[in-house]
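# Structural overview
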Amino acid sequence: MRIRTIAAGFAFVSVLSVGGLAISGIWSKDPIPPGLAAATTWSPPQLPLPTSIETETPQVAQTRVEPAIPLQSMPRLEVASADTLLPTIEPPLSNWSRDIATGETLDTVLEEAGLSATDRAEVALALGAEYDLRRLRPGHSVTVVSTMDGSPRSVALSVEDGVRIEAIFGEELATQVVTPAPDFITSAGEAVIDSSLFAALEEAEMPARFAVDLAQMLGGIVDFRREVTGGETLRLLWREARVGEDRIGQPELTFASLEIGGALYEVVWPVSGSDRATIYVNGTVLRVFAQPVEGARLSSVFGRRTHPVYGNVRMHTGVDFATASGTPVQATAPGRISFIGWRGGYGRVVEIAHGSDTMTRYAHLSAVPEGLAQGQRVAAGDVIGRVGATGTATGPNLHYEVLVDGRPTDPLSDDRLAEAAESEADDTAALLRLVEARALLNENLGSDIAETTTERL
């Protein structure tokens, strides 16, 4: 009950407050004075628009600051790419090598090296395409490079003259021939002949094969059996090709000096490839001789002999020069081609007429130059064919004949070809070659040779 009384009191007070406020608002509303009402309607006058004044915009100078170090010279920072390939690490390799022994074949050696039958067959085909494997002989060597698991990488066959034929394994078996570039060494030596040329050369530690070259050049001028009595001095100058410590091919004579019975015989061999050797006696040109084959071995001389094919004793009507197939054959004197063709056991032949009574024959040839024709004129040293084994021959060689009035004569002693060659020789140039050869011999030998006729040179 008491609570209701209090609430009713609060409501009554609220009503009285609202009513009072309403009455006070009505009572306080007086009329607005006229001055105040006019002031409320006043507004300021409109201001004029500002006049535009044109002015120049100041130019601000722009200064470019150069870097102290040119950008081009600043080091670039290389950032390794995530895709950069790492270097390939080659597996370790093993080398196996040895010389070919007598009677061995390439297959036997490769089997010992551990190659499978398939690999051996492939290697033989690859190497055989570059070299005739039937020519393998003791001293040739085989080198096999393989991985540690025995897989072959390469097979190399080293043959004569420093030549190496390589078979390289890959996706396909590849072959390459490596031919060395030799250095040419000039040497000189001196020997005293007591019994024979061969013995003198061997004792002086000079190549004994030079005795054949000297016999070929001087055999028709000097009788070595009768005129050499002992004590004669022989001086030689030669050159040989070398690759490192290995000698390539055979040494070649370039100058020889032999004093017999008070006469000085000298021979100058050419090094220019003309193959025209000149023989001098006491400083005077005696004869000019063009060798039919350069660097060949005189394997058979003129005269009766046991035939190497038929086995009976027959007259050998020329001389034989043994050398590799394909070696160039040169005319030994100027003349005209009188025959090109096939003559029975001689095989492929070229014949050259030197005047009306002398003819040279070159037999067993494998080929003749394109364009060489009958009636064509040739000079001494011109290539007229290639060494071969056509006709009746046991191997590649040149059979060389000289016929006078149709009869065979000894090519090493007949002077007719020398006379024909001399007619084309330049004596002044020949004497200058002799002077140069003597000087080179002295330089390499360290001694002076006989100067019997130096005043003429």
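Here the structure is a predicted model, which means the values were calculated and not measured. (Residues numbered from 1 in each chain as written. Predicted model: local features only at pLDDT ≥ 70, side-chain atom pairs only at ≥ 80, totals over all residues. Heavy atoms only, no water.)

Secondary structure summary: the chain contains 9 helices and 23 strands in total. Looking at the chain residue by residue over its 457 residues, the buried ones come to 34%. Counting only contacts in the chain whose residues sit at least 6 apart along the sequence, the fraction spanning at least 24 positions is 57%. In the structure as shown, the chain presents an accessible area of about 28,100 Å², 54% of it carried by carbon and sulfur atoms. (Helix = DSSP H or I, 4+ residues; strand = E, 2+ residues; numbered from the N terminus. Buried < 20%, exposed > 50% of the residue type's maximum accessible area, 1.4 Å probe, protein only. Contact = heavy atoms within 4.5 Å. Areas by Shrake-Rupley, 256 points an atom, 1.4 Å probe, with all protein chains shown as cover.)

Between the first and last C-alpha of helix α4 (residues 117–128) there are 16 Å, a value that for 12 residues agrees with the 16 Å anticipated at 1.5 Å per step. Every buried residue of α4 is accounted for by Asp-119, Arg-120, Val-123, Ala-126 and Leu-127. One side of α4 holds all its buried residues, which, seen down the axis, span an arc of 130 degrees. Opposite its buried face, α4 presents the exposed residues Ala-117, Thr-118 and Leu-125, each directed more than 90 degrees away. Tucked inside the fold, the buried residues of α4 contact α3 (106–112), β3 (152–158), β4 (164–168) and β5 (174–178). (Expected span 1.5 Å × (residues − 1). Arc of directions from axis to C-beta.)

Following the sequence through the fold, Phe-210 ends up in helix α6 (residues 210–218). Considering only alpha carbons, one finds Phe-210 and Leu-197, 13 residues apart in sequence, at a separation of 8.7 Å. Each residue touching Phe-210, except ones within four places of it in the same chain, is listed here: Leu-201, Leu-236, Trp-238, Pro-251, Glu-252 and Leu-253.

Unusually for a residue other than glycine, Glu-205 sits at a positive phi of about 60 degrees. Mapped onto the fold, Glu-205 is located in the loop between α5 (197–203) and α6. For Glu-205, a relative accessible area of 73% corresponds to the exposed category.

A few words now on the sheet that holds β4. Across the sheet, which stays open at both edges, the 5 strands sit in the order β1-β2-β3-β4-β5 with antiparallel pairing between neighbours. Edge positions in the sheet fall to β1 (93–99) and β5, since each of these pairs with one other strand and no more. Each strand axis lies, on average, 15 degrees off the axis of its neighbour in the sheet, ignoring direction. Alignment of strand β2 (residues 141–147) against β3, held across 6 bridges, turns out to be antiparallel. Residue pairing for β3: Ser-146 is matched across the bridge by Pro-152. (Pairing = 2+ DSSP bridges. Axes fitted to C-alpha atoms, helices over the stretch in contact; angles between N-to-C directions.)

So, about the nonpolar core. Counting 26 residues, the largest nonpolar core has Leu-214, Leu-234, Leu-236 and Trp-269 as the members making the most contacts within it. Within the residue set of this core, elements represented by two or more residues are β6 (183–193), α5, α6, β7 (232–243), β8 (246–260), β9 (263–268) and β10 (276–281). At 5 residues, the largest contribution of residues to this core is made by α6. Ranked by size, the runner-up nonpolar core spans 18 residues in total, among them Leu-106, Leu-110, Leu-136 and Val-142. (Core = buried A, V, L, I, M, F, W, Y, C linked by side-chain atoms within 4.5 Å.)

You can see Gly-391 is positioned in the loop between β21 (383–387) and β22 (397–404). Along the sequence, Gly-391 and Tyr-346 sit 45 residues apart, while their C-alpha atoms lie 5.1 Å from each other.

On to the pairing of β8. Direction of pairing for β7 relative to β8: antiparallel, over a ladder of 9 bridges. Within the sheet, the bridge partner assigned to Arg-239 lies in β8 and is Glu-252. The turn linking β7 back onto β8 is made up of 2 residues, and Gly-244 within it adopts a positive phi angle of 65 degrees. Here 6 bridges tie β8 to β9, and the two strands are oriented antiparallel to one another. The residue bridging Ile-260 from the neighbouring strand is Ala-263, located in β9. Where β8 folds back on β9, the antiparallel hairpin that results is connected by 2 residues, among which Gly-261 adopts a positive phi of roughly 55 degrees.

All quantities given are derived from atomic positions and should not be read as evidence of function.
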